[in-house]
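Coordinate analysis (summary)
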Amino acid sequence: MRKWKRVLTLLLIVCGPGAIIYYLATHLKNKFISLPYVGEWTYVYDADSNIVDSTAYVIPDFNLTRFDGTPLTKDSIEGKFIVLTTLQTQCPDMDSCGINLFLFNNIFFKKLVSNKDNYSNVRVMSILTDVEGNPVEGPSQKIIDEMEQYDKDFWWLTYGDPTPFYSFIYYDSIFKTLPSVTEEGEAGPYAFINSLVLIDDQGHIRGVTGAKRDSDIRNFFDLLKVLKKEEFDAKWEAEHPDS
């Protein structure tokens, strides 16, 4: 027993929580491992105050505009898994950019592009803000030039109000108000600027990590793989109801 505890501890240190969740989800025979739902739940009670129904938090309506002028609303992401980030006009300057573009591209985004068949319904969506987290009215030429190298079909570059996406409850606080950790190299005053948020195809938030460190980005990709496996399992069970 003590040996197994040492092994699990080592796995947690080396692989990170995302990798552990992915391993359990893909190797355990009883498929009960799934990602949690982040945010406040809504409950329906009967006359005796018993819970008769519950609904996980869903992102509210929003209005964004892509760099090419295309409007985006909640209908635009229906049926898609969204990897949400912020983006600053100073990127890729690490002190003023909430995401490590180099690491994110090499650890995460290149895998999406090179495996389009598996991730055809996944989109990265970045909202342009200043380093304080405030919306910016349109991209600068610098950020347009910087992002030109990325596949725009898979990476939606947008501007508009980020508030609807980051106003969920996270550890009893509103996520948008949580402070950044400057000693870890996070930009600006707020953690949301430096975050990756995973939204499922129903609009539920299913995961949050940092966007600066390679370990966080790797863990986030493991969370996406677990979510995609949930999608695969649900489709398989729907097609094989008697299995």
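On a predicted model such as this, the values are computed, not experimentally measured, just so you know.

Structurally, the position occupied by Asn-63 is in strand E3 (residues 63-66). Judged by relative accessible area, which is 62%, Asn-63 ranks as exposed. Separated by 96 residues in sequence, Asn-63 and Tyr-159 have C-alpha atoms that sit 9.1 Å apart. Discounting chain neighbours no more than four positions away, the residues touching Asn-63 are Leu-72, Thr-73, Gly-160 and Asp-161.

Across the sheet, seven strands lie side by side as E4-E3-E7-E6-E5-E10-E11; this open sheet has mixed pairing. Pairing within the sheet leaves two strands with one partner each, and these edge strands are strand E4 (71-73) and strand E11 (205-210). Strand-to-strand, the axes of this sheet are offset by a mean angle of 30°, without reference to chain direction. Where strand E10 (residues 195-199) meets E11, five bridges bridge the pair, whose relative direction is antiparallel. Residue Leu-198 lies in a different strand from E11, and its bridge partner there is Gly-207. On the sheet, helix H2 (residues 101-114) packs against strand E5 (81-88), strand E6 (122-129), strand E7 (155-160) and E10 and is oriented at approximately 150° with respect to E6. Most of the contacts of helix H5 (residues 214-239) go to E11, to which it runs at about 165°, and overall it touches E5, E6, E10 and E11.

Per the counting criterion, the structure on display carries 18 aromatic pairs. A centroid spacing of 4.8 Å and a plane angle of 45° characterise the contact between Tyr-150 and Trp-155, whose relative ring orientation is tilted. Just as Tyr-150 is buried, Trp-155 falls in that class too. Both rings, one in Tyr-166 and one in Phe-192, keep their centres 4.8 Å apart while their planes meet at 45°; by these two values the pair is tilted. Taken together, the positions of Tyr-166 in helix H4 (residues 163-166) and Phe-192 in the loop between strand E9 (173-174) and E10 put the pair 26 residues apart, joining distant regions of the chain. Assigned by exposure class, Tyr-166 and Phe-192 land together as buried. Each residue in the set Tyr-57, Tyr-166, Phe-168, Tyr-170, Tyr-171, Phe-175, Tyr-190 and Phe-192 is aromatic and connected to the rest through ring pairs, giving one cluster. Taking the ring centre of Phe-221 as reference, the NZ or CZ of Lys-111 above it sits at 4.6 Å. Taking NZ or CZ as reference, Arg-123 lies 4.9 Å from the ring centre of Phe-154, over its face.

Here we come to the state of the cysteines. Counted by the stated rule, this structure contains one disulfide. Each sulfur in the disulfide pair Cys-91 and Cys-97 lies 2.0 Å from the other. A torsion of 95° about the S-S bond marks the disulfide between Cys-91 and Cys-97 as right-handed. The pair Cys-91 / Cys-97 is uniform in exposure class, with both members buried.

Moving on: the confidence of the model for the protein. Mean pLDDT over the protein works out to 87, with 86% of the residues at or above the 70 mark. Confidence over residues 20-32 falls short of pLDDT 50; this stretch has 18 contacts with residues more than four positions distant or in other chains.

On to the pattern of salt bridges, then. Counted according to the given criterion, the structure contains nine salt bridges. One salt bridge connects Lys-152 with Glu-148, and the closest N-O pair in it is separated by 3.2 Å. Salt-bridge contacts for Arg-206 lead to Asp-200; the nearest nitrogen and oxygen are separated by 3.1 Å. There is no split in this pair, since Arg-206 and Asp-200 are both buried. Taken together, the salt bridges that share partners define one network made up of Asp-200, Arg-206 and Glu-230.

What counts, and at which threshold
- Residues numbered from 1 in each chain as written.
- Predicted model: local features only at pLDDT ≥ 70, side-chain atom pairs only at ≥ 80, totals over all residues.
- Heavy atoms only, no water.
- Helix = DSSP H or I, 4+ residues; strand = E, 2+ residues; numbered from the N terminus.
- Buried < 20%, exposed > 50% of the residue type's maximum accessible area, 1.4 Å probe, protein only.
- Contact = heavy atoms within 4.5 Å.
- Pairing = 2+ DSSP bridges.
- Axes fitted to C-alpha atoms, helices over the stretch in contact; angles between N-to-C directions.
- Phe/Tyr/Trp six-rings, centres within 6.5 Å; stacked < 30°, edge-to-face > 60°.
- Lys NZ or Arg CZ within 6 Å of the ring centre and 35° of its normal.
- Disulfide = S-S within 2.5 Å.
- pLDDT = per-residue confidence, 0-100.
- Salt bridge = Lys/Arg side-chain N within 4 Å of Asp/Glu carboxyl O.

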